[in-house]
Amino acid sequence: MDGVLRGAVIYLILFVLFRVFGQRTLAQVTPFDFVVLLIVGEATQQALLGDNFSITQAAVVIATLLLLERLWDLLAWRFPRFRRVAESRPLVLMVDGVLDRQAMRRVQVTEEDILQAARAGPGVERMDQIKHVVLESTGGLSIIPRG
C-alpha cells in the first residue's frame, strides 16, 4: 500500500510541476532538457522506492531542477548575450547545394543523415534537389529544397 500511495503522490507532484514549468513539446526539448528529465526520473525513482529519500525531498529536488531549467530559459529569452552562451546556434551544412564537409565532420552528420531528413520532411530523394541544410539548435535538420 505504501508503494501505491507514494506513486500517487509523486504522480500528483509531477503533474503539477510539469503543468507549471513544462511548456515545451517533446520536439522542442534540447539535449540539456533531456538530461534534466533523466535526473528528474532518478529523483522520482528514489522517492517511489523509498531508498532513504522522502517524497518531500524528491519534490524539492524535482521542483528545484525544473525551476532552474525555467530560469535558464527565461535568462536566455531575456538576454541575447546569455542566449549565445547558453544555447547552441544553428549550423549551416549546405549552401546553394554545396556541402560544408568540415562542419559536417565537426557535428558528425553524414550525407545519409541529410537524405533521411530530406525524405522525411519535404520528400526530396537526391542531394541535387536540396538547396540548403541547417542543423538546428534542437538537433534536427532543416532541409530547404530547390525551387
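The structure displayed is predicted, hence computed values, not measured ones.

Caption draft 1: Main features of the pairing of strand β3 (residues 130-135). As paired strands, strand β1 (residues 91-95) and β3 are joined by 3 bridges and run antiparallel to one another. Bridge pairing in β3 places Met-94 opposite Val-133. Where β3 lies against strand β4 (residues 141-145), 5 bridges are found, and the strand directions are antiparallel. Looking at β4, one finds that Val-133 is bridged to Ile-143. Where β3 folds back on β4, the antiparallel hairpin that results is connected by 5 residues, among which Gly-139 adopts a positive phi of roughly 100°.

Caption draft 2: Representation of the packing of aromatic side chains within the structure. Throughout the structure, instances matching the rule amount to 1 aromatic pair. On the basis of an interplanar angle of 70° and a centroid distance of 5.0 Å, the ring pair of Trp-72 and Phe-82 is categorised as edge-to-face. Of this pair, Trp-72 sits in helix α3 (residues 55-78) while Phe-82 sits in helix α4 (residues 80-86), and the two are 10 residues apart along the sequence. We note Arg-78 situated over the ring of Phe-79; from NZ or CZ to the ring centre the distance is 5.3 Å.

Caption draft 3: Structural context of the pattern of salt bridges. One pass over the full model with this rule turns up 2 salt bridges. Across the pair Glu-111 and Arg-101 runs a salt bridge, and its minimum N-O distance is 2.7 Å. Here Glu-111, found in helix α6 (residues 111-120), pairs with Arg-101, found in helix α5 (residues 101-107); they are 10 residues apart in sequence, far enough to count as distant. Here Glu-111 falls in the partly exposed class, since its relative accessible area comes to 27%. Residue classification places Arg-101 among the partly exposed residues on the basis of a relative accessible area of 42%.

Caption draft 4: A look at a nonpolar patch on the surface. Nonpolar side chains collect at one region of the surface, where Leu-68, Leu-71, Leu-74 and Trp-77 lie side by side and expose about 450 Å² of accessible area between them. Checked against the element boundaries, Trp-77 lands in helix α3. A residue is classified by how much of its surface remains accessible, and Trp-77, at 63% relative accessible area, is exposed.

Caption draft 5: View of the sheet that holds β3. With respect to topology, 4 strands assemble into an open sheet ordered β2-β1-β3-β4, the strand pairing being antiparallel. Single-partner strands in this sheet number two, and they are β2 (98-99) and β4. Relative to β2, β1 runs antiparallel, the two being bridged by 2 bridges. Residue Met-94 lies in a different strand from β2, and its bridge partner there is Leu-99.

Caption draft 6: Broad picture of the nonpolar core. Core analysis: the largest hydrophobic core is formed by 15 residues, its most contacted members being Leu-93, Ile-114, Met-127, Ile-130 and Val-133. Broken down by secondary-structure element, the contributors of at least two residues to this core are β1, α5, α6 and β3. Excluding residues within four positions of it along the chain, Met-127 makes contact with Met-94, Leu-99, Glu-111, Ile-114 and Leu-115.

Caption draft 7: Summary view of a positive patch on the surface. Together, Arg-81, Arg-83, Arg-84 and Arg-89 line one region of the surface with positive charge. Within the element layout of this structure, Arg-89 appears in the loop between α4 and β1.

Rules and cut-offs
Residues numbered from 1 in each chain as written. Predicted model: local features only at pLDDT ≥ 70, side-chain atom pairs only at ≥ 80, totals over all residues. Heavy atoms only, no water. Pairing = 2+ DSSP bridges. Helix = DSSP H or I, 4+ residues; strand = E, 2+ residues; numbered from the N terminus. Phe/Tyr/Trp six-rings, centres within 6.5 Å; stacked < 30°, edge-to-face > 60°. Lys NZ or Arg CZ within 6 Å of the ring centre and 35° of its normal. Salt bridge = Lys/Arg side-chain N within 4 Å of Asp/Glu carboxyl O. Buried < 20%, exposed > 50% of the residue type's maximum accessible area, 1.4 Å probe, protein only. Patch = residues over 30% accessible without salt bridge, like charges linked within 9 Å, V, L, I, M, F, W, Y side chains within 5 Å. Areas by Shrake-Rupley, 256 points an atom, 1.4 Å probe, with all protein chains shown as cover. Core = buried A, V, L, I, M, F, W, Y, C linked by side-chain atoms within 4.5 Å. Contact = heavy atoms within 4.5 Å. Lys, Arg positive; Asp, Glu negative; His and termini not counted. Charge placed at Lys NZ, Arg CZ, Asp CG, Glu CD.

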